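Residues per chain, in single letters:
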Amino acid sequence: MGGWRDRERQVGGKQKARVGQVFNQSIKVRYSFLHIIGLAGVVFVMSFSVFSQPFTDIAASVGVADAGPGRGVAWGDADQDGDLDLYLVNSGQANRLFRNSGTTMDGDIALTAGIADNASGFGAAWGDYDNDGDLDLYLARSGETNRLYRNNGNGTFTDVGGAAGVDNNDEGRSVAWGDYDNDGHLDLYLVNDGPNRLFRNQGDGTFEEISSAAGVSDSGKGQAVAWGDYDNDGDLDLYVSNGRGGIGLGGAPSRLYRNNGNGTFTDVAGSARVDDDGDGRGVAWADYDNDGDLDLYLANSDEAIFVSDAPNRLYRNNGAGVFTNIAGTVNVDDAGDSRGVAWGDYDNDGYLDLYLVSENVNRLYRNDGSGGFTEVADQLDVDDSSSGISAAWGDFNRDGWLDLYVVNASQPNRLYRNHITGNRWLSVSLAGSQSNRNGIGARVVAATGTTRQRRDVDGGSGHFSQPSLPVEFGLGAQTIIDSLIIQWPSGLRQVLKQVPTNQHLIAFEADALADITGPAITLSTDIHRVDEQEAYTVAATITDHSAIQKALLLYRLAGVPGWTDSLTMTAGPNSRYSTSIPSSAVNRLGIAFAIRARDQFGNSTVSSVQGLSVAFIDFHSDGFSLPASRNGTADNFRMISIPAVVGNRGPVSILGLLSNGFWCRPAVEAQGLAGS
């Protein structure tokens, strides 16, 4: 095996290293050498990439180790120069805007930019609410008027919260941008310790407060919020995390507001089984298992005095509007006074990992790609224990590897630079035209072989925070992505073919095609039996502009309302899908069936209903019943069945009529025909 390739090994009895992470436990230094081994005439070339530690805290050296009473953090390209700047919220001290010069952070410019607020700040999020091409900033404050800082495009900002109608002065906590009505203008959800607010963007620089009319004016002790289309129906749903308060006697369960598509929402947390009533903190959506739908991680605190500690939750999306908490099963059910949560593929292996901020010791859960996680924070030197509040991933130096900023309360913050190498990557920034300018809420899917990775452009999540707006994919050894599929909030779908990896890509919505239809289904007429159990095989050709996520055969007895059952169809070559209906499902009525196919974006198609007629013939001889076999001689079969549609040949083609009953042609004549 030639070239650079890192090897996996065991360290200290634990599985601690994978691609790009071969290092020694005691000194945490990865090896650098090229080793050639000769064995029995075979030459093996083993190589390892080089760097000192997987992560190093460079916050102090680049001037971002602020030790104020930190709360929230948001990555965003404030000056539109192509790299990520960093906004830090402090509570009671000046906030910071750290400008990125391209390779390092270039100092705090919040004061000159006009956003060095020193009130009781909590959450912040970037979003281009006026679609003018530069990022604006919303700041949630507790008990004081919130700020909407409009970007003037010249390095300064102006607070327009009052004029825009979003200068709420409740007990502000978290904020998230999202275009819930898909009109191309970013709306804003504000979480308060008290009634929450939904501000609808009217497209003229002003907002309308509609939380009560929309059904999302929750009055719990709100902590965090995250938009995400969990049901893949094309509009953003909303999860709100509620705490319990200092003594734990107040508060309400967390909420999952399903978008009804008509400007209103319905709280389905109970029926979806995500109505956690712990002391909720950070929350974030992610498709951690690469199955095409969003899963949810919820952090719980143990701060409430009269409430028993609740472990954190990982709600796996079952794809039918219901979630299952599997946190304990996959070892991410930490109960150590958790705060912030942040998903990111730090090792670029194609599976999202999870960083958890705690007031005790922070955790990094490495996704093993088979549904499980391993805690590796100590091994990677990111196990900070400085009373953490929040965190966010972002590739600040544009090397293709996610870096991590961690906010602490009155202790130095951390900027962990990622030094891992070896795997390939892709960063995608969106430029909307019909959709909002940065494509917030868009779904981006990278398809390589049979693997489908999903990333959603995030307008605010975690705990008071926001990750970078560009979405990042880890791609292992893949040099080419077969298809990059973008589902824009406008409904437009864009498919880029054969995309090279290891690049920063900008995708423009103006280049997208208006294709929001479901898969095309062509049924085969070749319905036949394939085995001695006499199962009927049904096949179809199913094609779409994106990947087919699922194909089902629906069937029922003819004349019976409602589908009896469904069978998953198996993918084969040339877009052919097939499955078999067991003969036990067929009686003298025959059956009706249809095929339902769904693509990666949730667009579905159901074929026309087809019928399978079955003739049951009793054989008689000399006036008495005679069991018949397949070749017409007496054996142990009383009846045979013949689908009339097979090969366009009906029963008469293989049966003959005698004076005293039917006779059957030899099996060899009817070879391949059902019931022959």
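Report follows, based on the coordinates.

Quick look at the side chain of N418
Summarising the element assignment, N418 is placed in strand β32 (residues 414-418). By relative accessible area, N418 is classed as buried at 1%. Within the structure, N418 has its side chain in polar contact with the backbone oxygen of L402 (distance 3.0 Å). If we ignore the near neighbours within four places in the chain, the residues touching N418 are P54, F55, Y346, D399, W401, L402 and D403.

Notes on the sheet that holds strand β39 (residues 503-508)
Pairing in this open sheet of 3 strands is mixed, and the strands run β36-β33-β39 from one edge to the other. Where the open sheet ends on each side, the last strands, each with one partner, are β36 (471-476) and β39. Within this sheet the neighbouring strands show an average axis-to-axis angle of 25 degrees, counted without direction. Examined bridge by bridge, strand β33 (residues 424-431) and β36 share 5 bridges and lie antiparallel to one another. The partner of S427 across the bridge, within β36, is E472.

Observations regarding the nonpolar core
Side chains of nonpolar character tend, in soluble globular proteins, to be buried together. One finds Y87, I115, W126, L148, W177, L430 and L484 to be the most contacted residues of the largest nonpolar core, which totals 51 residues. At 4 residues, strand β11 (residues 136-141) tops the list of elements feeding residues into this core. In this structure, A342, Y355, W401 and Y416 belong to the second largest nonpolar core, which totals 19 residues.

Quick word on the pattern of salt bridges
Applying the stated criterion to the full structure yields 31 salt bridges. We note a salt bridge from D79 to R99, for which the minimum N-O separation is 3.1 Å. Of this pair, D79 sits in the loop between β6 (70-76) and β7 (85-90) while R99 sits in strand β8 (residues 96-100), and the two are 20 residues apart along the sequence. Given the relative accessible area of 27%, R99 is considered partly exposed. Put simply, R200 and D183 hold a salt bridge, and the shortest N to O gap is 3.6 Å. Note that R200 is positioned in strand β16 (residues 194-201) and D183 in the loop between β14 (172-178) and β15 (187-192), a separation of 17 residues in sequence. Under the relative-accessibility criterion, R200 is labelled partly exposed at 25%. Several salt bridges converge on common partners, so that one network encompasses D79, D81, R99 and D106.

Procedures and definitions
- Residues numbered from 1 in each chain as written.
- Predicted model: local features only at pLDDT ≥ 70, side-chain atom pairs only at ≥ 80, totals over all residues.
- Heavy atoms only, no water.
- Helix = DSSP H or I, 4+ residues; strand = E, 2+ residues; numbered from the N terminus.
- Buried < 20%, exposed > 50% of the residue type's maximum accessible area, 1.4 Å probe, protein only.
- Polar contact = N/O pair within 3.5 Å; in protein donor to acceptor, adjacent residues only side chain to side chain.
- Contact = heavy atoms within 4.5 Å.
- Pairing = 2+ DSSP bridges.
- Axes fitted to C-alpha atoms, helices over the stretch in contact; angles between N-to-C directions.
- Core = buried A, V, L, I, M, F, W, Y, C linked by side-chain atoms within 4.5 Å.
- Salt bridge = Lys/Arg side-chain N within 4 Å of Asp/Glu carboxyl O.

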